[in-house]
Structure formats: structure tokens, C-alpha cells
Amino acid sequence: MTTEPKVLDDRLPIVLVVLDGLGDRPIPELAGRTPAEAAATPNLDALARRGASGWHLPFGWGRAPTSELAHWAMFGYSPVPFVGRAVLEALGAGLDVEPGVAITHAALRTSRADGDKLWITGRAGPSDGTDADALLRDLAPVLGREGAALCPLGGRGEAVLTLAGHSCADVTDSDPFFETFHPWLRPVATSPGAEALARDLTGILRIARERLVRNPVNADRAARGLPALDVLTTKWSGVRGAVPTFMEQNGVAGAAVTSTRLYRGLATVLGMAQRHLAPIDDLAEDLAARLAAADELITAGARFVHVHTKATDGAGHTKLPHAKRDVLDAVDRGLAGLAPLAERAIVAVTGDHATPSTHSLLHAGEPTPLVVAGPTVRADGVTEFGEEPARQGWYGVVRADELLALLLGHANRPVLLGHRITRRPVVALADDPEPMRLGDAGR
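Just so we're clear, the structure is a prediction, and the values are computed from it rather than from any experiment.

## As for the overall build of the protein
Turning to step 1, where the next piece is worked out: Broken down by element type, the protein carries 15 helices and 13 strands.
Turning to step 2, where the next piece is worked out: Whereas a compact globule of 443 residues would reach a radius of gyration of roughly 22 Å, the protein reaches 24 Å, a difference of no more than 12%.
Turning to step 3, where the next piece is worked out: Dimensions along the principal axes, computed over C-alpha positions, put the protein at roughly 85 × 70 × 35 Å.
Turning to step 4, where the next piece is worked out: If you take every contact in the protein between residues at least 6 apart in sequence, the share linking residues at least 24 apart comes to 73%.

In C-alpha cells, the structure reads:
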């Protein structure tokens, strides 16, 4: 008789820290460096020295990702149809989302008419909350008569619009995003099944526009010298369909330390354990608290924990390169806890996309630094954190749908290709395959 050698269980947990919008471009004001290269990041530099680096380029050169699609791929869901960000925003706000029904994100905006086109000029700010709430309350019954349910998301004129009778949400956004280049847009079907939705949504938005223009709230705003919130825009349409849990899709238990409504919704739809921490102004304290929460989730059984901060992305959108550099200074101080964590886990830090702090782009299809450290990761000679140093790292270019497998391999959890123990193909050696139970003959 031969016996199999005993294998120690040395599988490791994973903590993935995503600095939203981390990537950037070389900027003259920063001596030709990116904000990550110019920032004082002793903790991330130390992580680079002990680990391996590369470029995270989620969908390839020139393809500018959104956060939701980058995370969908990073979490191993590229083969699964995306549900739409509107679904995630609604779930993140604690709303019930009926499966199989089209929903879209709606927002009140200010505008300027130019001939037969309407140009978006702004959005509701924190001080507009009372007016925005009143306008949405007035719109709700009007749109309800058109078969659309308008449910506010809480502050700043945002809402979810549920479109009963429509099961396909394949329509374009009416929100132009690039307000300098494009006017308010007509929803257009992107598949034959959404022709009726595009037609009905166009009618609903026209009705909303007429109602908003005549609303006394906007007349009062004009009297106070404020722009009218006189147009409703839509974006991120989707349908909540069947989505496998993180465990079903990947083979291990996932969890998230969430920072915004979007990531609460993502964790909810993927069945991930979550700990929500509202962002605070002290970024060092904020990140330190997030790492502590990640450690607690690992103790509770999570084997993959996502930690997120929006602060880097927000700084990039200011188009002030020094502001993004300073944010990264503060973020790094909050990441001191990564060093001891890397003694017993695989830790990775990267961005979900590049948010240039210069030029007119919202996001860019350009690299964001990636660093990975842990007990099984061999140092590759990179000594600093940033786009240019990371280019010299062993990983080269890593796409979003390759990242999780890379981390699971370092965590001693790769699935053995050809070995099948789960219903779905997974990227990790599954933690909880279905056992053959004694006494269950024939079942």
C-alpha cells in the first residue's frame, strides 16, 4: 500500500486594496512624474521592495474603464453578464430591486437651451438637497402614471427609475457625461429587445422636462439667482438577473470593506460579507480603520477581502495634480498596517483605472501600478511604488480578469486545471466542495 504525503494547509487569505483612479499621467508641475511617483509613500515603497510589481491595465491600452466594470472583472465575473450599475446603486442604498425588471439611474441636472438642443451645465450640490427632494417628490406621481416608479437615493437629486413592463435594459444613457462635447441625449436601444424601453423612456424624460420647467421650486430658485434643476438624465440602466455568489464563482468566501453605495451594492449582489465604513476626512485614519476591518473579516472566515477608497479618484477629478499627490501621501500613512499583514496574507495594492489629474479625460486606458507582497511572493528588485518603477516588475501587464487568479496562486489556492470538484469552473481550489455523505445513498 502506498500513502499520499501529508500536505500542510498553508493556504493564505488575500487582501486587495484598491485606490480608486490611482493611475495618472506624467505631469510637468510634478517634474514629469505622476502623482503616485511624486508622492511620499514609504509604506508602499517598502511593500514594493519586499514584493513583486507590474502594471494593472484592466481592459488593455486605450480602453478607459469604469469602476464597476473593472471590479466586475477583477472579482472574476467577466463571463457573467453585468447587471448594470443602477442595480448596484439601488442595492447599495438598501432598496429592493425586483429581478427581471429594467431600472435606470436618474439625476436632476441644470441646463442651457441652444436651439433644439439642451446642454447640461451642472448637477445638484449638497446645498440643493431640499429643492431636489421637493422636485423628485413632485415628479414621482407624474412618472408613475407613465408606468415608471421614481425612488430617491437620498440627497443631491439622485434616484432610481424602475420601468415596469420592461425586462431588457439595453439602452444608451441620456446623460452625456462629457457635457462640453455632447448635449442631453436621446435613449437609443442597443438590442432589438429594448426598442420599446427606449421609446417609453424618451417619452418619460420629455414629460419630466416639461414638469420641471413649470415647477414653482425652480421659479423660486431663479428668484434666488440659482440655476433651475430642470432636466432629468438617465444612465447605467440594467436588470437584476441571476448572479452566482462570490463563493460559487470563485471557490472561496469573499468580503468587502465598502466606502460608497456602489461597493455596498456590489458586495450585496455577489453575496459577499461586508463591513461598511463611511469615509472620514483624515485619510490616514480612514485607511487604517479599513485594514483593521479587513483583518476582522478574515478572522470571521473571509478568504478574499476587498478594501476600497474613493479619495484618490476624487482628487484626480479636481484636475489638481498636487492635490492627488497629497492625497496619496495621506493614504500611504494609513497603509502602515500592510507590512505586518503581509507576514500572514497576500496583500495587493492597485487601482481600478487611471483618473488623470490633467487633460479633459474622466478616466484613461493607461496603466495603474500593481504591487503584491506576502510569504510566497519573491521580490523582483523594484524598490519604489509608482507607474514607472512598476513597469520593471515581474508581472508585466496584468488585465483585470487575470488579477484574481494571480493572487490566488500566491495564496497557495490555485485550482488544478482538469480537477473538477465544483459545479462551476472556479479559479481557486474550492474551500467547500460538496461532500459525499455516508447514509445518503441514491441522493
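## Thoughts on the environment of Q249
Turning to step 1, where the next piece is worked out: Inspection of the secondary structure puts Q249 in helix 8 (residues 246-250).
Turning to step 2, where the next piece is worked out: In this structure, the C-alpha to C-alpha distance between Q249 and V427, residues 178 residues apart in sequence, is 8.1 Å.
Turning to step 3, where the next piece is worked out: Setting aside residues no more than four positions away along its own chain, Q249 makes contact with G76, Y77, P79, V80, P244, R424, P425 and V426.
Turning to step 4, where the next piece is worked out: Within the structure, the side chain of Q249 is placed 2.9 Å from the backbone oxygen of G76, a separation counted as a polar contact.

## Description of unusual backbone geometry
Turning to step 1, where the next piece is worked out: Unusually for a residue other than glycine, F177 sits at a positive phi of about 60°.
Turning to step 2, where the next piece is worked out: Following the sequence through the fold, F177 ends up in the loop between strand 6 (158-163) and helix 6 (195-214).
Turning to step 3, where the next piece is worked out: Positioned with a positive phi, W236 is a non-glycine residue whose angle comes to about 65°.
Turning to step 4, where the next piece is worked out: Within the element layout of this structure, W236 appears in strand 7 (residues 231-239).
Turning to step 5, where the next piece is worked out: By relative accessible area, W236 is classed as buried at 16%.

## As for empty space enclosed by the protein
Vacant regions in the atomic arrangement are exposed by a probe of water-molecule size rolled over the atoms.
Turning to step 1, where the next piece is worked out: The final tally for this structure, using the stated rule, is one cavity of 30 Å³ or more.
Turning to step 2, where the next piece is worked out: Roughly 30 Å³ of volume is contained in the largest cavity.
Turning to step 3, where the next piece is worked out: For the largest cavity, the full set of lining residues is F75, A256, Y263, L266, A267, M272 and H306.
Turning to step 4, where the next piece is worked out: Broken down by element, the lining of the largest cavity gets its largest block of residues, three residues, from helix 9 (residues 261-269).
Turning to step 5, where the next piece is worked out: Tallied by class, the residues present in the lining of the largest cavity amount to six nonpolar, one polar and no charged.

## Observations regarding the sheet that holds strand 13 (residues 397-398)
Turning to step 1, where the next piece is worked out: If you trace the eight strands from one edge of the open sheet to the other, you get 9-8-10-1-11-12-2-13, paired in mixed fashion. In the strand order of this sheet, the two ends are held by strand 9 (273-276) and strand 13, each with one partner.
Turning to step 2, where the next piece is worked out: Bridge count between strand 1 (residues 14-19) and strand 11 (residues 346-350): five bridges; the pairing is parallel. What sits directly across from I14, in strand 11, is I346.
Turning to step 3, where the next piece is worked out: Docked against the sheet, helix 2 (residues 42-50) engages strand 2 (52-56), strand 11 and strand 12 (368-373), running at close to 60° with respect to strand 12.

## Considering the nonpolar core
Note on soluble globular proteins: their nonpolar side chains tend to be buried together.
Turning to step 1, where the next piece is worked out: Ranked by size, the top nonpolar core spans 50 residues in total, and within it W72, F75, L270, V372 and L407 carry the most contacts.
Turning to step 2, where the next piece is worked out: Those elements that place two or more of their residues in this core are strand 1, helix 3 (67-74), helix 4 (85-92), helix 9, strand 11, strand 12 and helix 15 (400-410).
Turning to step 3, where the next piece is worked out: A per-element tally of this core places helix 15 first, with six residues.
Turning to step 4, where the next piece is worked out: Beyond its immediate sequence surroundings of up to four residues, L270 is in contact with W72, F75, Y77, V243, P244, T245 and F246.
Turning to step 5, where the next piece is worked out: If you look at the next biggest cluster of nonpolar residues, it comprises 37 residues, including L283, A294, A342 and A345.

## A short note on the pattern of salt bridges
Turning to step 1, where the next piece is worked out: Overall, the coordinates contain 26 salt bridges when judged by the stated rule.
Turning to step 2, where the next piece is worked out: Put simply, R344 and D295 hold a salt bridge, and the shortest N to O gap is 2.7 Å. Taken together, the residues R344 in the loop between helix 13 (338-341) and strand 11 and D295 in helix 10 (residues 283-299) connect sequence positions 49 residues apart.
Turning to step 3, where the next piece is worked out: Given a relative accessible area of 43%, R344 falls into the partly exposed group.

## What about a nonpolar patch on the surface?
Turning to step 1, where the next piece is worked out: A surface patch of nonpolar side chains, amounting to about 330 Å² of accessible area, comprises F177, F178, F181 and L362.
Turning to step 2, where the next piece is worked out: A relative accessible area of 33% places F177 in the partly exposed class.

## A short note on the side chain of D352
Turning to step 1, where the next piece is worked out: Here D352 is to be found in the loop between strand 11 and strand 12.
Turning to step 2, where the next piece is worked out: One buried charged side chain, D352, makes no salt bridge at all; its nearest oppositely charged neighbour is K310, positioned 6.7 Å away.
Turning to step 3, where the next piece is worked out: Of the polar contacts made by the side chain of D352, one reaches the side chain of S67; its length is 2.8 Å.

## What about the layout of surface pockets?
Turning to step 1, where the next piece is worked out: There is about 320 Å³ of room inside the second largest pocket.
Turning to step 2, where the next piece is worked out: Together, M247, E248, G251, I421, T422, R423, R424, V426, A430, D432, P433 and E434 line the second largest pocket.
Turning to step 3, where the next piece is worked out: Grouping the constituent residues of the lining of the second largest pocket by class yields five nonpolar, two polar and five charged.

Calculation notes
Residues numbered from 1 in each chain as written. Predicted model: local features only at pLDDT ≥ 70, side-chain atom pairs only at ≥ 80, totals over all residues. Heavy atoms only, no water. Helix = DSSP H or I, 4+ residues; strand = E, 2+ residues; numbered from the N terminus. Rg over C-alpha atoms; globule rule 2.2 N^0.38 Å. Contact = heavy atoms within 4.5 Å. Polar contact = N/O pair within 3.5 Å; in protein donor to acceptor, adjacent residues only side chain to side chain. Buried < 20%, exposed > 50% of the residue type's maximum accessible area, 1.4 Å probe, protein only. 1 Å grid on protein atoms, 1.4 Å probe; cavity = no way out; pocket = protein on both sides within 12 Å on 5 of 7 lines; lining within 4 Å. Points joined across faces, edges and corners; volume = space filled by probe spheres on them. Nonpolar A, V, L, I, M, F, W, Y, C, P; charged D, E, K, R; others polar. Pairing = 2+ DSSP bridges. Axes fitted to C-alpha atoms, helices over the stretch in contact; angles between N-to-C directions. Core = buried A, V, L, I, M, F, W, Y, C linked by side-chain atoms within 4.5 Å. Salt bridge = Lys/Arg side-chain N within 4 Å of Asp/Glu carboxyl O. Patch = residues over 30% accessible without salt bridge, like charges linked within 9 Å, V, L, I, M, F, W, Y side chains within 5 Å. Areas by Shrake-Rupley, 256 points an atom, 1.4 Å probe, with all protein chains shown as cover. Lys, Arg positive; Asp, Glu negative; His and termini not counted.

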